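Here is how the chains run, residue by residue.
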Amino acid sequence: GIQVEQSPPDLILQEGANSTLRCNFSDSVNNLQWFHQNPWGQLINLFYIPSGTKQNGRLSATTVATERYSLLYISSSQTTDSGVYFCAPDNQAGTALIFGKGTTLSVSS
Amino acid sequence: NAGVTQTPKFRILKIGQSMTLQCTQDMNHNYMYWYRQDPGMGLKLIYYSVGAGITDKGEVPNGYNVSRSTTEDFPLRLELAAPSQTSVYFCASSTRTGSPFFGQGTRLTVV
C-alpha cells in the first residue's frame, strides 16, 4: 500500500515563528488531507488538497501531486497551534485515508 | 448536531474479555471508519464501510469485527482482548468525497 512519510517528527517553536511541515507519499493519489490533533486528542480537518495551494488564515497548504509531496505552512504560530499534524492521502481504492506518523508541534509563549 | 459519538470514552479490559465499542453518527454519511492510534503513531485503519450492509478490512483488522446494519451505527467488536489492542480507537464518518468527521475517541487498556 501507499507509504506516507512526514518530517520533521518534532518541532519546537517560539510564538510568532513560521514553520513548514512536509509530507512525502509513495504513489499517486486522488485525495490528500491535513489534520490537526489537539492536545486533548480531537482530530480536526485542516485542508482537503489533492493538488495546488489553499490558504485558511495563518495556515496554507500546497500539494505537488506529480512529485508526490505536500507542504503545510504555519505562519505567526500561536500556542493553540500545538499538537500533532497528520498528512493523510487516500488509499488505492479511494475508500479511506492512510495516515502518516505525524509532526508534533510545540509552540511556547 | 452531535456529529460522531463514541462510547465509552475509557475502558479497562482483562485479557480474554470481549467488548463492543459503539459509534453513531447523525449526518447521514454513507462512509464510516474505525481507526486505532498507538502512542506516538498515526492512525491505522481497522475496518471501513461504504454503506449499510457493506464492510471491508483495513490495514489492521485481525482481532476485530464490525457490522453495519444501519446508516447511523458502526460498532467495533473485540472478541478476545489482548494487550496489543491497548490503544485509542477513533470512529469517523464522511460522504463519498468529503472530509471525515472524527469522534472523540475511546481509550482502551487491556491488562
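A few points on the structure.

Attention now moves to the overall build of chain B. Across its full length, chain B carries 0 helices and 11 strands. Of the regular secondary structure in chain B, the N- to C-terminal order runs β-β-β-β-β-β-β-β-β-β-β. For chain B, the C-alpha radius of gyration of 13 Å lies close to 13 Å, the compact-globule estimate for 111 residues. Counting only C-alpha atoms, chain B reaches 40 × 25 × 25 Å along its principal axes. In chain B, buried positions account for 46% of the 111 residues. A separation of at least 24 residues holds for 53% of the contacts in chain B among residues at least 6 apart in sequence. Split by element, the accessible area of chain B, about 5400 Å² in all, is 51% carbon and sulfur. For chain B, the distance from the average site of its 10 positive side-chain charges to the average site of its 7 negative ones is 7 Å.

Its boundaries defined by the atoms lining it, the largest pocket holds a volume of some 520 Å³. Along the walls of the largest pocket sit 27 residues, with A:Q37, A:G41, B:Q37, B:V88 and B:R107 positioned nearest its centre. Counting only elements with at least two residues in the lining of the largest pocket, the list comes to β9 (83-89) of chain A together with β9 (87-94) and β11 (106-110) of chain B. Of the residues that constitute the lining of the largest pocket, the class distribution is 11 nonpolar, 12 polar and 4 charged. If you trace the second largest pocket, you find 16 residues lining it, with A:I2, A:Q3, A:I98, A:F99 and B:E59 closest to the centre. Here the residues of the lining of the second largest pocket sort into 6 nonpolar, 6 polar and 4 charged.

Take the interface of chain A and chain B next. Facing 16 residues of chain A, the contacting portion of chain B comprises 20 residues. Between chain A and chain B lies a buried interface of about 1400 Å² when both sides are counted; carbon and sulfur atoms form 56% of it. Together, A:L43, A:T95 and A:F99 form the three largest contributors to the area buried by chain A at its contact with chain B, with a combined 33%. Remark: the boundary between chain A and chain B carries 0 salt bridges. Put simply, the parts of the chain that give the side of chain A that touches chain B at least two residues each are β4 (32-37) and β5 (43-48) of chain A. Partitioned by chemical class, the residues of the side of chain A that touches chain B number 8 nonpolar, 7 polar and 1 charged.

This part covers the state of the cysteines. Counting across every chain of the model gives 2 disulfides over all chains. Disulfide pairing is shown between A:C23 and A:C87; the S-S distance is 1.9 Å. Between A:C23 and A:C87 the disulfide shows an S-S torsion of about -55 degrees. By sign, it is left-handed. Here A:C23, found in strand β3 (residues 19-25), pairs with A:C87, found in strand β9; they are 64 residues apart in sequence, far enough to count as distant. Under the relative-accessibility criterion, A:C23 is labelled buried at 0%. The disulfide partner of B:C23 is B:C91, and the gap between their sulfur atoms is 1.8 Å. Handedness of the B:C23-B:C91 disulfide follows from its S-S torsion of about -70 degrees: it is left-handed. Of this pair, B:C23 sits in strand β3 (residues 19-25) while B:C91 sits in strand β9, and the two are 68 residues apart along the sequence. Grouping residues by exposure puts B:C23 and B:C91 together as buried.

Conventions used here
Just so you know, the residues in each chain are numbered from 1, in the order the chain's sequence is written. To label them, take the chains in the order written and letter them from A, then take the ligands in the order written and number them from 1. Owing to the predicted nature of the model, reporting of local features is limited to residues with pLDDT of at least 70; listing and counting of side-chain atom pairs is limited to 80 or more, with chain, interface and lining totals taken over all residues. To get the side-chain values, all heavy atoms of the structure are used, and hydrogens and water are removed first. Numbered from the N terminus, helices here are DSSP runs of H or I no shorter than four residues, and strands are runs of E no shorter than two. Based on C-alpha atoms, the radius of gyration is set beside the globule rule, defined as 2.2 Å times the residue count to the power 0.38. Partly exposed residues are those whose accessible area sits between 20% and 50% of the maximum for their type, while under 20% is buried and over 50% is exposed, using a 1.4 Å probe and protein chains only. By definition in these notes, contact holds between two residues if any of their heavy atoms fall within 4.5 Å. For accessible areas, the Shrake-Rupley method is used with a probe of radius 1.4 Å. Any residue's cover is judged against the shown protein chains and nothing else. His is not counted here, nor are the chain ends, while Lys and Arg score as positive and Asp and Glu score as negative. Where a charge sits is defined by one atom per residue type, namely NZ (Lys), CZ (Arg), CG (Asp) or CD (Glu). Cavities and pockets are defined on a 1 Å grid built over the protein atoms alone: a cavity is a set of grid points where a 1.4 Å probe fits but cannot escape, while a pocket is an open set with protein on both sides within 12 Å along at least five of seven lines, and lining residues are those with an atom within 4 Å of any such point. Grid points are joined across faces, edges and corners, and a volume is the space filled by probe spheres set on the points. Three classes are used, and their members are as follows: Ala, Val, Leu, Ile, Met, Phe, Trp, Tyr, Cys and Pro are nonpolar, Asp, Glu, Lys and Arg are charged, and the others, Gly among them, are polar. Accessible surface is computed with a 1.4 Å probe, and the buried area is the amount of it that two parts give up when combined, taken over both parts together. By salt bridge we mean one thing: a side-chain nitrogen of Lys or Arg within 4 Å of a carboxyl oxygen of Asp or Glu. Note on disulfides: each one is a pair of cysteine sulfur atoms within 2.5 Å.

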